[in-house]
Amino acid sequence: MSMLWGFITDFFTYETTKSVVVKSWSVGIINRVVQLLIIIYFVCWVFLHEKAYQVKDSGIESSVMTKVKGFGYHNNRVMDVADYVAPTQGAAVFCIITKLIVTEKQFQGFCPESEVKYECETDEDCDKHLGSFLGNGIITGACVNSSEGGRCEMEGWCPAENDKVIMQPMMEVENFTIFIKNSIRFPMFNVTRGNFPSSLNTTYIRSCTYDPEHNRHCPIFKVGDVLRYTGQNFSTIAQTGGEIGINIEWECNLDESEERCQPHYSFTRLDAVFQKNAISQGYNFRFAKYYKTENGMKNRTDFRTLHKAYAIRFDILVTGLAGKFNTVPTLINLVAAFTSVGLGTVLCDIILLNFLKGADQYKAKKFEEVSESQIQILLSRESCSQLSIKAEEKISDDSGAVSLYLDQQL
């Protein structure tokens, strides 16, 4: 019962602050240094660098259109944009084909597989491949003769593709140009910007190529330059293909002129993590062009030309962040700054209460318990001496602060 009563009396208590002035050089220096560091952090980092006084909008609305230009030679043929760009709509993701392996005049039927792993001598050798999806068609289980010896028979588009053919890439791709047209909108501020500054004219755009130092606002990028910015070798990536990211970053301070809201371009190899993996390097895909034979309207037969394309895939990635002054975040961060300055007091209290020689005296001055009975005694004493105080009109210069000279005790 006594423990319960003690808990109740301890719970219904009130604590108020008491000012204790500590005359100590070491503690005073620590206090001011901590306060100075906190102020520098808020002023330099929070307000100037992070611009915490602004409201931010990162949910941009973006549109990207692209166009590639250039001519090249591949397999004794002149290739233009319609031949080597896929898809052709000029979207934010597109491919420039560097090498093609073509299998012409494929008809539906039965034919031997082309890969070495399908070599056989009897039908039993092909049974293990039944149900396999790693070939060029559906394995029938029969072993047939071909120009290269026995091969497992498959049903599908014949003749089977042989993608081990050595083919030289189109080296002119390095000089092709990519035109990027990007417009963005920050819906929170209703601000719309494009990657063409108002100072650019038609003559300049027709003759410029992007350079991070001299032509950083030019929207035309040379493929070889983009690969060089990512640290890639064109001869290597043209053989195997790859994925390149062109990053357009909009970071706008709308407290300044909107004309200063300009894009920043950067470049990266997106599939770099797979380059050390021998299983799936580079980038390639297949597509086919379909035709019909001219052996009469009723007997027309479908056939196709299959293309395996090795390509450089470009991904245009757009990010944006705009900020503008607002009273609410400014007040919130100011309050946080003023509150954080008090951390110096907390640190100094820890030092005084635990590490200095005068810790016991500091505790005695800082913490004092007053009960209701003590308050009643003090009130009765004051009522007894009230007349004498009024008669003499005594004035006290005590501010309520207690001073400790800890340096003299150390």
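Turning next to helix H2 (residues 25-49). In a regular helix each residue adds 1.5 Å, so 25 residues correspond to 36 Å; H2 covers 34 Å between its end C-alpha atoms and thus fits that length. Largest kink in H2: about 25 degrees, centred on Phe42. Within H2, burial applies to Val27, Asn31, Val34, Gln35, Ile38, Phe42, Val46 and Phe47. Where the residues of H2 are buried, they touch helix H8 (327-341) and helix H9 (343-354). Just downstream of H2, Lys51 is the residue with a positive phi angle, here 50 degrees.

On to the pattern of salt bridges. Under the criterion given, the structure shown has 14 salt bridges. The closest approach of N and O atoms between Arg185 and Glu61, which form a salt bridge, is 3.1 Å. Linking Arg185 in strand E10 (residues 177-186) with Glu61 in strand E3 (residues 61-69), this pair joins segments that are 124 residues apart in sequence. Within the structure, one salt-bridge network assembled from shared partners comprises Glu161, Asp163, Lys164, Arg286 and Lys308.

Moving on, we get to the side chain of Asn333. Looking at the element boundaries, Asn333 is found in helix H8. Here the side chain of Asn333 touches Pro329 through a polar contact of 2.7 Å, landing on its backbone oxygen. In contact with Asn333, other than residues within four places in its own chain, are Phe42, Val46, Phe47 and Ala52.

Take the nonpolar core next. Of all hydrophobic cores here, the largest spans 45 residues; its most connected members are Tyr84, Ile96, Phe186 and Phe314. When residues in this core are grouped by element, the largest group, six residues, is from strand E16 (residues 302-325). Grouped together as the second largest cluster of nonpolar side chains are 10 residues, Cys111, Tyr118, Cys126 and Met154 included.

What follows deals with the state of the cysteines. Taken as a whole and assessed by the stated rule, the structure comprises five disulfides. Linked covalently through their sulfurs, Cys208 and Cys218 form a disulfide whose S-S length is 2.0 Å. Sign of the S-S torsion, about 80 degrees for the bond between Cys208 and Cys218, identifies this disulfide as right-handed. On the criterion of sequence distance, the pair formed by Cys208 in the loop between helix H5 (202-207) and strand E12 (220-222) and Cys218 in the loop between H5 and E12 is long-range, its members being 10 residues apart. Residue pairing for Cys252: its cysteine sulfur links by disulfide to Cys261, the two sulfurs lying 1.8 Å apart.

The contact between H2 and H9 brings their axes to 8 Å, and the two run at 150 degrees. In terms of orientation, H2 and H9 fall into the roughly antiparallel class. Once H2 is placed against H9, the crossing between them reads as right-handed. Listed contacts from H9 to Val27, Ile30, Asn31, Val34 and Ile38 of H2 are Leu343, Gly344, Thr345, Leu347, Cys348, Ile351 and Leu352. A class-by-class count of the residues in the contact of H2 with H9 yields nine nonpolar, three polar and no charged.

Thresholds applied
- Residues numbered from 1 in each chain as written.
- Predicted model: local features only at pLDDT ≥ 70, side-chain atom pairs only at ≥ 80, totals over all residues.
- Heavy atoms only, no water.
- Helix = DSSP H or I, 4+ residues; strand = E, 2+ residues; numbered from the N terminus.
- Expected span 1.5 Å × (residues − 1).
- Bend = angle between axes of the 7 residues up to and from the residue.
- Buried < 20%, exposed > 50% of the residue type's maximum accessible area, 1.4 Å probe, protein only.
- Contact = heavy atoms within 4.5 Å.
- Salt bridge = Lys/Arg side-chain N within 4 Å of Asp/Glu carboxyl O.
- Polar contact = N/O pair within 3.5 Å; in protein donor to acceptor, adjacent residues only side chain to side chain.
- Core = buried A, V, L, I, M, F, W, Y, C linked by side-chain atoms within 4.5 Å.
- Disulfide = S-S within 2.5 Å.
- Axes fitted to C-alpha atoms, helices over the stretch in contact; angles between N-to-C directions.
- Parallel < 35°, antiparallel > 145°, perpendicular 65-115°, else oblique.
- Left-handed = near helix turned anticlockwise from the far one by under 90°.
- Nonpolar A, V, L, I, M, F, W, Y, C, P; charged D, E, K, R; others polar.

From the geometry alone we can't say anything about function, so treat these as descriptive.
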